[in-house]
Amino acid sequence: MGFLVDSQKGGCGVGGGGCFRSLIRRKQVDSVHSKARGHHQLAKELSVLHLIAIGVGSTIGAGVYILVGTVAREHSGPALFMSFLVAGIAAALSAFCYAELASRCPSAGSAYHYSYICVGEGVAWLIGWALILEYTIGGSAVARGISPNLALFFGGQDNLPVFLARHHIPGLDVVVDPCAAVLVLVVTGLLCVGIKESTVAQAVVTSINVCVMLFIIIVGSYLGFKTGWAGYELPTGYFPFGVDGMLAGSATVFFAYIGFDSVASTAEEVKNPQRDLPLGIGLALSICCSLYMLVSVVIVGLVPYYAMDPDTPISSAFAAHGMQWAAYLITAGAVMALCSTLMGSMLPQPRILMAMARDGLLPSFFSDVNKSTQVPVKSTLVTGFGAAVLSFFMDVSQLAGMVSVGTLLAFTMVAISVLILRYVPPDEVPFPSSLQDTIDSVSLQYSKNSQDVYEEKAVVHAGTSKDSTLPLLGKTTRIDYPMLVKQEAQGNFVLNEGKRREIAGWTIAATCIGAALLTYAASDLSLPSLLRFTMCGIGGALLLSGLIVLTCIEQDDARHRFGHSGGFTCPFVPLLPIVCILVNIYLLINLGAATWIRVSVWLVVGVLVYAFYGRTHSSLLDAVYVPATHADEIYRSARESLA
């Protein structure tokens, strides 16, 4: 017997089964076969140095020029550098996960792309929709922060030129910011010119910012050795707020590391993604962590933490040592940091829109790639115009917390995707229904060649997403073999492959639930003590048992054949992804109810868009799912039939 092919549209039938199946259908990793049938590709222009410029420029924003004062005064004290170190290690957990998936699946879309391949269409849509919000608000917020920093060079806000100053419109009670809108439009035009040209511009701006930070480190160290590091000669010691205060500071400064994920969004434009993407992500994060720690060591040493200015800590520290002129240099660095971060915020969004449009979830308008510049110009213009309007009319500072939701959701889903890739990688490949005849032909040929084998063993099955259950849990096929199979050579027993995948899938799901329960109970002090400790116990038990089970069972051999081989492999699996999930869920829960209410409104809008457009226009709507082991044979037969 051959493949049992059953093609069905993903509509909502009786009981809503079609709707559910549309949420869990998964696409394949972009390959030579799929690209040949697909859209225009982006220009492969980026090297490791370009990726480092994107990563460092997107990560080091003007916030670090303020964060050192706020966190030192309220949380860490002289141990501020420890807060940055712990936060850097936490960010590195996500970076490891991103590095593996980016090298295995080097296509535009970043976390949206990985989620679609490993988890399913529904989750991928929500991740992509959340990232759209993140980059739009993030870019607008950064743009509106530039004019106040420029005010120092003109002697205050009142002395700014008309085209740079903010203006209040009485009738509308709106404060408009023309400087922010103009800068967004300039960056948009730069991104339309080409990926290499825009990256070179970002590298120049980032280099100026890094030079300012090196000035702070070198000159600040000279002043510190000259004056005896007064900030460390305190009776309270290095941990005036205790270790808990230092860790609370780490949770705050963690968001200073957000931005390295922009590197992954350019995966399709990297010349050698298997080598360069992991290097670019790792080196960018290492440079940022080193600069953050060195700046914090110097500034906290120059001025006692309790005497630091929370608004301008670095400028005030130099002014306290008679270097008032340094404020101009530091402000220039802050402006350069904002410009670089603006470029980093606007670069990924058109590529995510393009990836979603390629998959049919958004109109094909967004997937067009300009043949001359080889960038998604239409998507870039739409997102740039939207961000310019938002930054011109709205003060988005109150919405800044919504930026973190998209990032942390993406970080969490990338870590889950690594676990799925290692233990239950997709074992089916979607084919367009136009290849149905080829699939039937291969199925018939396979049936003739293996008649005797299949009369005794299980049928090899292929079908649409209606024939699969949750991607985590594998297929609901009958297990014809015992749960334990004896290995003749070693004489010991191992799990049957089907049962191993089922156990691994349920364990990953239970581990995520345990992490959510544990972090929620630990964060919400308003819960009754009995309920809180019970939830902590259940969550901790699920988390620990999940770690133990995943450590004991073998990873799937198919992981070696998944995606593009020869790239980076995330170490310490399953421990590293599980810790990453725990950290990111903890940060998500602690963002506050107001932020979640605003984000929920946006996500509800996204659900409606998906229900009425994305679900019915998905490129997987009529897809036929075939076991991955037969994919190459079907592609080969399809090429031969066209020859």
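Quick caveat, the model's predicted, so the values are computed rather than measured.

Chemist: Account for the overall build of the protein chain, with residues named and values stated.
Modeler: For the protein chain, the helix and strand inventory stands at 25 helices and six strands. Of all 643 residues assigned to the protein chain, the portion counted as buried reaches 54%. When contacts within the protein chain are restricted to residue pairs at least 6 apart in sequence, long-range pairs at least 24 apart make up 83% of them. Surface summary for the protein chain: the accessible area is close to 26,900 Å², and the carbon and sulfur share equals 66%.

Chemist: Which residues make up the nonpolar core, and what are the values?
Modeler: Judged by nonpolar contacts, the single largest core of 166 residues is most densely connected at Y65, Y98, I216, Y292, I299, I314 and F318. At 15 residues, helix α18 (residues 401-423) tops the list of elements feeding residues into this core. Of all hydrophobic cores here, the second largest spans 11 residues; its members include L435, I439, Y635 and A638.

Chemist: Could you give an account of the environment of I299, with specific residues and numbers?
Modeler: Structurally, the position occupied by I299 is in helix α13 (residues 273-302). Residue classification places I299 among the buried residues on the basis of a relative accessible area of 0%. Each C-alpha atom of the pair I299 and G69 lies 8.7 Å from the other, and the pair is 230 residues apart in sequence. Excluding residues that lie within four positions of it along the chain, I299 makes contacts with I216, M308, P313, I314, A317 and F318.

Chemist: Account for the pattern of salt bridges, naming residues and giving values.
Modeler: Any two side chains of opposite charge can pair if their charged atoms end up close together. Under the criterion given, the structure shown has 13 salt bridges. Where D556 meets R501, a salt bridge forms, and the shortest distance between an N and an O atom there is 2.9 Å. Separated by 55 residues along the polypeptide, D556 in the loop between α22 (529-552) and α23 (575-589) and R501 in helix α21 (residues 497-523) bring together distant segments of the chain. Classification of D556 by relative accessible area gives buried; the value is 5%. Since its relative accessible area comes to 10%, R501 is described here as buried. In this structure, a network of salt bridges that share partners links the residues D427, R500, R501 and D556.

Chemist: Describe helix α15 (residues 326-346), with residues and values.
Modeler: End to end, α15 covers 31 Å across 21 residues, agreeing with the expected 30 Å (1.5 Å per residue, within 8%). Buried residues dominate α15, accounting for 17 of its 21 residues.

Chemist: Residues and numbers for unusual backbone geometry, please.
Modeler: Cis peptide bonds are those with omega within 30 degrees of zero, and the linkage from V573 to P574 qualifies with 15 degrees. Position of P574 relative to the elements: it lies in the loop between α22 and α23. Not every positive phi belongs to a glycine, and S110 is a case in point at roughly 55 degrees. On the secondary structure map, S110 appears in helix α6 (residues 110-118).

Chemist: Got a sec to walk through the pairing of strand β6 (residues 624-627)? Specific residues and values, please.
Modeler: The alternating pattern of β6 places V624 and V626 on one face and Y625 and P627 on the opposite face, and all of these are buried. Across four bridges, the pairing between strand β3 (residues 428-431) and β6 is antiparallel. Counted as the bridge partner of F431 is V624 from β6.

Chemist: I'd like to hear about the packing of helix α7 (residues 121-144) against helix α17 (residues 377-393), residue by residue, with values.
Modeler: Interaxial distance between α7 and α17 falls to 9 Å at its minimum, and their mutual angle equals 50 degrees. The angle between α7 and α17 falls in the class oblique. α17 is crossed by α7, and the crossing has right-handed handedness. Residues T136, S140, A143 and R144 of α7 touch α17, and the partners they reach there are A387, L390, S391, F392 and F393. For the contact of α7 with α17, the residue count by class is five nonpolar, three polar and one charged.

Chemist: Got a sec to walk through the packing of α15 against helix α16 (residues 348-358)? Specific residues and values, please.
Modeler: Relative to each other, α15 and α16 sit at 0 degrees, their axes nearing to 4 Å. Here α15 is positioned roughly parallel relative to α16, judged by the angle of their axes. Listed contacts from α16 to G344, S345 and M346 of α15 are P348, Q349 and P350. Taken together, the residues that form the contact of α15 with α16 break down as three nonpolar, three polar and no charged.

Chemist: Summarise the environment of A510; cite the residues concerned and give the values.
Modeler: Assignment of secondary structure puts A510 in helix α21. When the C-alpha positions of A510 and S545 are compared, they lie 9.0 Å apart, and in sequence the two are 35 residues distant.

Chemist: Could you give an account of the confidence of the model for the protein chain, naming the residues involved and the relevant values?
Modeler: Considering every residue of the protein chain, the mean pLDDT works out to 85; 87% of them sit at 70 or more. Below pLDDT 50 for its whole length, residues 456-493 participates in 86 contacts with residues either more than four positions away or in separate chains.

Chemist: Describe the packing of aromatic side chains, and please don't skip the residues or the numbers.
Modeler: Counted under the stated rule, the structure contains 22 aromatic pairs. Geometrically, the ring pair formed by F96 and F568 is stacked, given 5.9 Å between the ring centres and 10 degrees between the ring planes. With a gap of 472 residues between them, F96 in helix α5 (residues 80-104) and F568 in the loop between α22 and α23 connect regions that are remote in the sequence. Look at W229 and Y232: their rings are 6.3 Å apart centre to centre, the planes differ by 55 degrees, and that puts the pair in the tilted class. Y232 matches W229 in its accessibility class, with the two residues each being buried. In textbook terms, an aromatic cluster arises when at least three aromatic residues are bridged by ring pairs, as seen for Y98, Y114, F260 and F411.

Chemist: How would you sum up the side chain of R26? Please name residues and give values.
Modeler: Within the fold, R26 resides in the loop between α1 (17-24) and α2 (32-37). Look at R26: it is buried, it has no salt bridge, and the nearest opposite charge is D427 at 5.0 Å. Here C118 takes part through its backbone oxygen, which lies 3.0 Å from a polar atom of the side chain of R26.

Chemist: Kindly report on α18, identifying the contributing residues and their values.
Modeler: With 23 residues, α18 ought to run about 33 Å at 1.5 Å a step, and its terminal C-alpha atoms sit 34 Å apart, in line with that. Of all 23 residues that make up α18, 21 are buried, and the element is covered over most of its length.

Chemist: Let's hear about a nonpolar patch on the surface: which residues, and what values?
Modeler: Among the surface-exposed residues, L152, F153, F154, W325, Y328 and L329 lie close enough to one another that they form a single nonpolar patch of about 570 Å² accessible area. With respect to the element layout, F153 can be found in the loop between α8 (146-150) and β1 (167-169). For F153, a relative accessible area of 38% corresponds to the partly exposed category.

Chemist: I'd like a rundown of the environment of T266, residues and numbers included.
Modeler: Examined against the element boundaries, T266 turns out to sit in the loop between α12 (261-265) and α13. Overall, T266 belongs to the buried group, its relative accessible area being 0%. Distance in space between the C-alpha atoms of T266 and L51 is 8.4 Å, their sequence separation being 215 residues. Leaving out residues up to four positions away in the same chain, T266 has contacts with L46, L51, I54 and L347. Separated by 2.7 Å, the side chain of T266 and the backbone oxygen of V263 make a polar contact.

Reading guide: rules and limits
Residues numbered from 1 in each chain as written. Predicted model: local features only at pLDDT ≥ 70, side-chain atom pairs only at ≥ 80, totals over all residues. Heavy atoms only, no water. Helix = DSSP H or I, 4+ residues; strand = E, 2+ residues; numbered from the N terminus. Buried < 20%, exposed > 50% of the residue type's maximum accessible area, 1.4 Å probe, protein only. Contact = heavy atoms within 4.5 Å. Areas by Shrake-Rupley, 256 points an atom, 1.4 Å probe, with all protein chains shown as cover. Core = buried A, V, L, I, M, F, W, Y, C linked by side-chain atoms within 4.5 Å. Salt bridge = Lys/Arg side-chain N within 4 Å of Asp/Glu carboxyl O. Expected span 1.5 Å × (residues − 1). Pairing = 2+ DSSP bridges. Axes fitted to C-alpha atoms, helices over the stretch in contact; angles between N-to-C directions. Parallel < 35°, antiparallel > 145°, perpendicular 65-115°, else oblique. Left-handed = near helix turned anticlockwise from the far one by under 90°. Nonpolar A, V, L, I, M, F, W, Y, C, P; charged D, E, K, R; others polar. pLDDT = per-residue confidence, 0-100. Phe/Tyr/Trp six-rings, centres within 6.5 Å; stacked < 30°, edge-to-face > 60°. Lys, Arg positive; Asp, Glu negative; His and termini not counted. Polar contact = N/O pair within 3.5 Å; in protein donor to acceptor, adjacent residues only side chain to side chain. Patch = residues over 30% accessible without salt bridge, like charges linked within 9 Å, V, L, I, M, F, W, Y side chains within 5 Å.

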